[in-house]
Amino acid sequence: MGKIGKGTGSFGKRHNKSHTLCRRCGKRSFHIQKKTCASCGFPSAKIRKYNWSTKAIRRKTTGTGRMQYLKNLPRRFKNGFREGTQAAKKTAAAST
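Residues numbered from 1 in each chain as written. Predicted model: local features only at pLDDT ≥ 70, side-chain atom pairs only at ≥ 80, totals over all residues. Heavy atoms only, no water.

> So, the overall build of the protein chain: which residues are in play, and what are the values?
Counting secondary structure elements, the protein chain contains three helices and three strands. Counted from the first residue to the last, the protein chain has its helices and strands arranged as β-β-β-α-α-α. In terms of overall size, the protein chain is more extended than a compact globule, its C-alpha atoms giving a radius of gyration of 25 Å where 96 residues would be expected to give roughly 12 Å. In terms of its C-alpha atoms, the protein chain occupies a principal-axis envelope of roughly 90 × 25 × 25 Å. Buried positions account for 10% of the 96 residues belonging to the protein chain. Contacts in the protein chain between residues at least 24 apart in sequence constitute 0% of all its contacts with a sequence separation of at least 6. Just so you have it, the protein chain exposes about 9,100 Å², and 55% of that area is on carbon and sulfur atoms. (Helix = DSSP H or I, 4+ residues; strand = E, 2+ residues; numbered from the N terminus. Rg over C-alpha atoms; globule rule 2.2 N^0.38 Å. Buried < 20%, exposed > 50% of the residue type's maximum accessible area, 1.4 Å probe, protein only. Contact = heavy atoms within 4.5 Å. Areas by Shrake-Rupley, 256 points an atom, 1.4 Å probe, with all protein chains shown as cover.)

> Please give an account of the packing of aromatic side chains that cites residues and values.
The description of an aromatic ring pair rests on the distance of the ring centres and on the angle between the ring planes. For the structure shown, the criterion picks out three aromatic pairs. Seen from their ring centres, Phe77 and Phe81 are 6.2 Å apart, and the 70° between their planes marks the pair as edge-to-face. Residue classification places Phe77 among the exposed positions, given a relative accessible area of 62%. Given a relative accessible area of 41%, Phe81 falls into the partly exposed group. Directly above the ring of Phe11 sits Arg14, whose terminal nitrogen or CZ lies 4.2 Å from the centroid. (Phe/Tyr/Trp six-rings, centres within 6.5 Å; stacked < 30°, edge-to-face > 60°. Lys NZ or Arg CZ within 6 Å of the ring centre and 35° of its normal.)

Here is the structure:
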């Protein structure tokens, strides 16, 4: 059969999972015994990133996701972070 090396024959014996889904990044990189994520470093407070892997940083950086909070900031800053006020009617503003 040839089940000595790392090749085809030994793949049938692989049925234990060392990694499971990570709560923070959602990848299958959370090591069950170590209790750490190999991708994002969870449960560490800081996200795992290394300068020796520029492409990985580029994939994960700000702007690659939805940016639910950040994408509205420039507009809110422009208006002085006003909240709870009603906009003036356009017809009234044009006539004066």
